[in-house]
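Below, each chain spelled out in residue letters.
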Amino acid sequence: DAGVIQSPRHEVTEMGQEVTLRCKPISGHNSLFWYRQTMMRGLELLIYFNNNVPIDDSGMPEDRFSAKMPNASFSTLKIQPSEPRDSAVYFCASSLRLAGGNEQFFGPGTRLTVL
Amino acid sequence: GNSVTQMEGPVTLSEEAFLTINCTYTATGYPSLFWYVQYPGEGLQLLLKATKADDKGSNKGFEATYRKETTSFHLEKGSVQVSDSAVYFCALSEKGGYEKLTFGTGTRLTIIP
């Protein structure tokens, strides 16, 4: 199993540009999570999906952020327009929702730098 | 709401020292508890977990026991190695929900030879 795949691994862009981060969860998993990690704020849950449906997007910082999961094997996190304060490492994680204590498997992350 | 409080870092130890990283939680009901580890430049990976009171999770020499009476899940290792240098996150999830994880702030551990 290839694990959770994220692309790109690194992204450098200029303020105002659109950024799209991509995630392929582990095959067979039915829950997907997007996180943001910064030194100042630690690890924050942005949004999570179950069976491709967004369940909780209360962590999305503002309307500039949007996430989609068109099918069970692909999700995107889009920032439009990007700002320097969006610079962070963005992680995608997936899990198989069962009763009690399921492990989330994390991807390697996308390091985003907005200049 | 749910919350996880873990030991402030950074923690620096000599090789072969005993490690404890404290973690306490607040939750409604009886959550599942986890320790995740993040090595430099990588994503988080599960280190160990416990799903009910008095369960002990263990992996790679690390252990943690689910203590309902003290709402704690402290991470311990008897003899640390340089390769254990990483950031450690305590987390919980409510059973029966969508398995959303609530993380602590992370504790950076550095082991010196």
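Below, the structure is looked at part by part. (Residues numbered from 1 in each chain as written. Chains lettered and ligands numbered in written order. Predicted model: local features only at pLDDT ≥ 70, side-chain atom pairs only at ≥ 80, totals over all residues. Heavy atoms only, no water.)

1. Describing the interface of chain B and chain A
No. 1: Between chain B and chain A, the residue contacts involve 21 residues of the former and 21 residues of the latter.
No. 2: Of the roughly 1700 Å² buried where chain B meets chain A, counting both sides, 56% is carbon and sulfur surface.
No. 3: The interface formed by chain B and chain A includes 0 salt bridges.
No. 4: Counting the contacts that link chain B with chain A gives 2 residue pairs in polar contact (both at pLDDT 80 or more).
No. 5: Every element with two or more residues in the side of chain B that touches chain A is listed here: β5 (32–38), β6 (44–50), β10 (86–93) and β11 (101–103) of chain B. (Contact = heavy atoms within 4.5 Å. Buried area = accessible area lost by both parts, 1.4 Å probe. Salt bridge = Lys/Arg side-chain N within 4 Å of Asp/Glu carboxyl O. Polar contact = N/O pair within 3.5 Å; in protein donor to acceptor, adjacent residues only side chain to side chain. Helix = DSSP H or I, 4+ residues; strand = E, 2+ residues; numbered from the N terminus.)

2. Let's talk about the state of the cysteines
No. 1: Counted by the stated rule, this structure contains 2 disulfides over all chains.
No. 2: At a sulfur-sulfur separation of 1.9 Å, the disulfide partner of Cys 23 of chain A is Cys 92 of chain A. With the S-S dihedral at roughly -65°, the linkage between Cys 23 of chain A and Cys 92 of chain A falls on the left-handed side. Of this pair, Cys 23 of chain A sits in strand β3 (residues 19–24) while Cys 92 of chain A sits in strand β9 (residues 88–95), placing them 69 residues apart in sequence.
No. 3: Cys 23 of chain A sits in the buried class, given a relative accessible area of 1%.
No. 4: For Cys 23 of chain B, the disulfide goes to Cys 90 of chain B, at an S-S distance of 1.9 Å. Because the torsion about its S-S bond is -70°, the bridge between Cys 23 of chain B and Cys 90 of chain B counts as left-handed. (Disulfide = S-S within 2.5 Å. Buried < 20%, exposed > 50% of the residue type's maximum accessible area, 1.4 Å probe, protein only.)

3. Concerning the sheet that holds strand β8 (residues 74–79) of chain A
Each strand in a sheet pairs with another by means of backbone hydrogen bonds, the pair being arranged parallel or else antiparallel.
Residue and element names in this part refer to chain A.
No. 1: Strand order across the open sheet formed by 4 strands is β1-β3-β8-β7, with antiparallel pairing between neighbours. Both outer strands of the open sheet, β1 (5–7) and β7 (65–71), are each paired with one neighbouring strand and no more. Each adjacent strand pair in this sheet contributes to an overall mean axis angle of 15°, direction not counted. (Pairing = 2+ DSSP bridges. Axes fitted to C-alpha atoms, helices over the stretch in contact; angles between N-to-C directions.)

4. A short note on the side chain of His 29 of chain A
No. 1: Along the chain, the position of His 29 of chain A falls in the loop between β3 and β4 (31–38).
No. 2: At 3.3 Å, the side chain of His 29 of chain A and the backbone nitrogen of Ser 95 of chain A are in polar contact.

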